[in-house]
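Residues per chain are reported as follows:
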Amino acid sequence: MIDLYLGDPNDKQKLFLKDRHRHVGYGGARGGGKSWAIRTKAILLASRFKGIKILIVRRSYPELEGNHIQPLRQMLIGIAKYNQQHKLLTFANGSTIKFQYCRNDADLDLFQGQEYDIIFIDEATQFSEFQLKAIAACNRGVNNFPKRMYYTCNPGGQGHEYIKRLFIDRH
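None of these values were measured; they are calculated from a predicted model.

Undergrad: What exactly am I supposed to notice about the overall build of the chain here?
TA: For the chain, the count of helices and strands is five helices and seven strands. For the chain, the N- to C-terminal ordering of α and β elements is α-β-α-β-α-β-β-β-β-α-β-α. Its C-alpha radius of gyration of 15 Å places the chain within 12% of the 16 Å reference for a compact globule of 171 residues. Considered along the principal axes of its C-alpha atoms, the chain spans approximately 45 × 35 × 35 Å. Taking all 171 residues of the chain together, 46% fall into the buried category. The contacts of the chain with a sequence gap of at least 6 include a subset with a gap of at least 24, amounting to 65%. Surface summary for the chain: the accessible area is close to 9100 Å², and the carbon and sulfur share equals 53%.

Undergrad: Mind showing me how you'd approach the pattern of salt bridges here?
TA: Close approach of charged atoms lets side chains of opposite charge pair. Here the structure, examined in full by the defined rule, presents seven salt bridges. Where D122 meets R58, a salt bridge forms, and the shortest distance between an N and an O atom there is 3.1 Å. Here R58 lies in strand β2 (residues 53–58) and D122 lies in the loop between β6 (118–121) and α4 (129–136), a separation of 64 residues in the sequence. Relative accessible area serves as the criterion here: at 6%, R58 is assigned to the buried category. Residue D169 pairs with K164 through a salt bridge whose shortest N-O separation is 3.3 Å. Judged by its relative accessible area of 32%, D169 falls in the partly exposed class. Connected via shared salt-bridge partners are R58, E63 and D122.

Undergrad: Even after reading the chapter, I still don't get the sheet that holds strand β7 (residues 148–153), so can you show me in this structure?
TA: Sheets are built from strands that pair by backbone hydrogen bonding, the pairs being arranged parallel or antiparallel. If you trace the seven strands from one edge of the open sheet to the other, you get β1-β7-β6-β2-β5-β4-β3, paired in mixed fashion. Each edge of the open sheet carries a strand with a single partner, namely β1 (23–27) and β3 (80–83). When the angles between neighbouring strand axes are averaged without regard to direction, this sheet yields 15°. Note that β1 and β7 share five bridges and pair parallel. Each residue of the ladder has a partner; that of G27, found in β7, is C153.

Undergrad: Could you clarify how one ought to interpret helix α3 (residues 61–75) in this entry?
TA: Within an α-helix, residues lying three or four positions from one another point in the same direction, as the helix has 3.6 residues per turn. The first and last C-alpha atoms of α3 sit 19 Å apart over 15 residues, in line with the 21 Å expected at 1.5 Å per residue. Where α3 bends most, the angle comes to about 35°, and this point is I69, followed within four residues by the proline P71. Among the residues making up α3, those that are buried are L64, E65, H68, I69 and L72. Residues of α3 that are buried sit in contact with α2 (34–48), β2, β3, β4 (88–91) and β5 (96–101).

Undergrad: I tried to follow the environment of L55 on my own but got confused; where do I start?
TA: Among the structural elements, L55 can be located in strand β2. Along the primary structure L55 and I118 are separated by 63 residues, whereas in three dimensions their C-alpha atoms are 6.3 Å apart.

Each value, and the rule that gives it
- Residues numbered from 1 in each chain as written.
- Predicted model: local features only at pLDDT ≥ 70, side-chain atom pairs only at ≥ 80, totals over all residues.
- Heavy atoms only, no water.
- Helix = DSSP H or I, 4+ residues; strand = E, 2+ residues; numbered from the N terminus.
- Rg over C-alpha atoms; globule rule 2.2 N^0.38 Å.
- Buried < 20%, exposed > 50% of the residue type's maximum accessible area, 1.4 Å probe, protein only.
- Contact = heavy atoms within 4.5 Å.
- Areas by Shrake-Rupley, 256 points an atom, 1.4 Å probe, with all protein chains shown as cover.
- Salt bridge = Lys/Arg side-chain N within 4 Å of Asp/Glu carboxyl O.
- Pairing = 2+ DSSP bridges.
- Axes fitted to C-alpha atoms, helices over the stretch in contact; angles between N-to-C directions.
- Expected span 1.5 Å × (residues − 1).
- Bend = angle between axes of the 7 residues up to and from the residue.

Just distances and angles here, no functional claims.
Here it is in structure tokens:
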């Protein structure tokens, strides 16, 4: 067995890592550790639960590469294998972390027919309400794992009002 030190979370990250609600939001300024929290939560879930499917979404592939793919590949050497063609990390227990971008509405076709137990949308306020709902429609499946959505965000952006309604106004 390989030991993996993920770091020490701050208080806000601890809340995010422990939360089990259906929809979880994590907001804050740049440098607040939101991407670290996503990577850490994805690793913990994929390692603990056999055969679950996780998706991490950002606006562009370069953002995915810099914020998630490269750090995860480095951290998970000997723990998970990365398939460059499919943008997929596979753990020995069969759990996977898939990376996908959505720059515009046309990219939503890439999500057609996909099912994920857990979806992380990083910088969610950069997506439109339509895009967020279309991606969330992939949060489904036939296994018994409780489906969950995690959103990180900064104030502003085209999805600001939707995220505010979801997490602040609770509508």
